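Summary of the model geometry
Okay, here's what each chain looks like letter by letter:
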Amino acid sequence: RVMWTLELSRRLERTGVTANTFCPGRSRTNRHRHFILPIRWGLNLLDRLYGKKTEESIKPVIDFVLHSGLKGLGGKYLAEGKVVAPLPISCHRGMGKRLWRTCERMAGTEGTAMQVINRALHYSRR
């Protein structure tokens, strides 16, 4: 997720649009719903014991985005309500480009995103 967002941010440079990603921490959601039952029970128990409500998990991110100097800055990773450095592997440009192309190929949308971005750039310069 972080690598893909960093690649998106690079592609959005000069558009006025920013892309950032965040880690809300352990939160109580239904993200385990597709796991087999014993694993799902265990993970749900951990969430109940150590996780925050979804609203509590997202609040620091919303507060940070609305009240910080993040406006106009893309490619940032937020955790615990502050900007932190992502793992170095997430910042690898070559792998980010490969991931982007793979996602486009899997979605059947090769080149479409960049066409939209370039069209938006064209119209914003008028």
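Predicted model only: the values in this text are computed from it and were never measured. (Residues numbered from 1 in each chain as written. Predicted model: local features only at pLDDT ≥ 70, side-chain atom pairs only at ≥ 80, totals over all residues. Heavy atoms only, no water.)

Applying the stated criterion across every chain, the model contains one aromatic pair. Judged by centre distance (5.1 Å) and plane angle (15°), the rings of Trp4 and Trp100 are stacked. Here the residue Trp4 occupies a position in helix α1 (residues 2–11), and Trp100 occupies one in helix α4 (residues 93–107), the gap between them amounting to 96 residues. The exposure class assigned to Trp100 is buried, which follows from its relative accessible area of 4%. (Phe/Tyr/Trp six-rings, centres within 6.5 Å; stacked < 30°, edge-to-face > 60°. Helix = DSSP H or I, 4+ residues; strand = E, 2+ residues; numbered from the N terminus. Buried < 20%, exposed > 50% of the residue type's maximum accessible area, 1.4 Å probe, protein only.)

Here we take up the pattern of salt bridges. Per the stated rule, a full pass over the model turns up two salt bridges. A salt bridge links Arg10 to Glu7, with the shortest nitrogen-to-oxygen separation between them at 3.1 Å. Here Arg10 and its partner Glu7 are both found in helix α1, three residues apart, which amounts to about one turn of the helix. We note that Arg10, like Glu7, is buried. Each member of the salt-bridge network shares a partner with another, and the members are Glu7, Arg10 and Arg11. (Salt bridge = Lys/Arg side-chain N within 4 Å of Asp/Glu carboxyl O.)

For the rest of this paragraph, the subject is unusual backbone geometry. The backbone phi angle of Arg14 is positive, close to 70°, even though this residue is not glycine. Structurally, Arg14 is set in the loop between α1 and β1 (21–23). Here Arg14 falls in the exposed class, since its relative accessible area comes to 66%.

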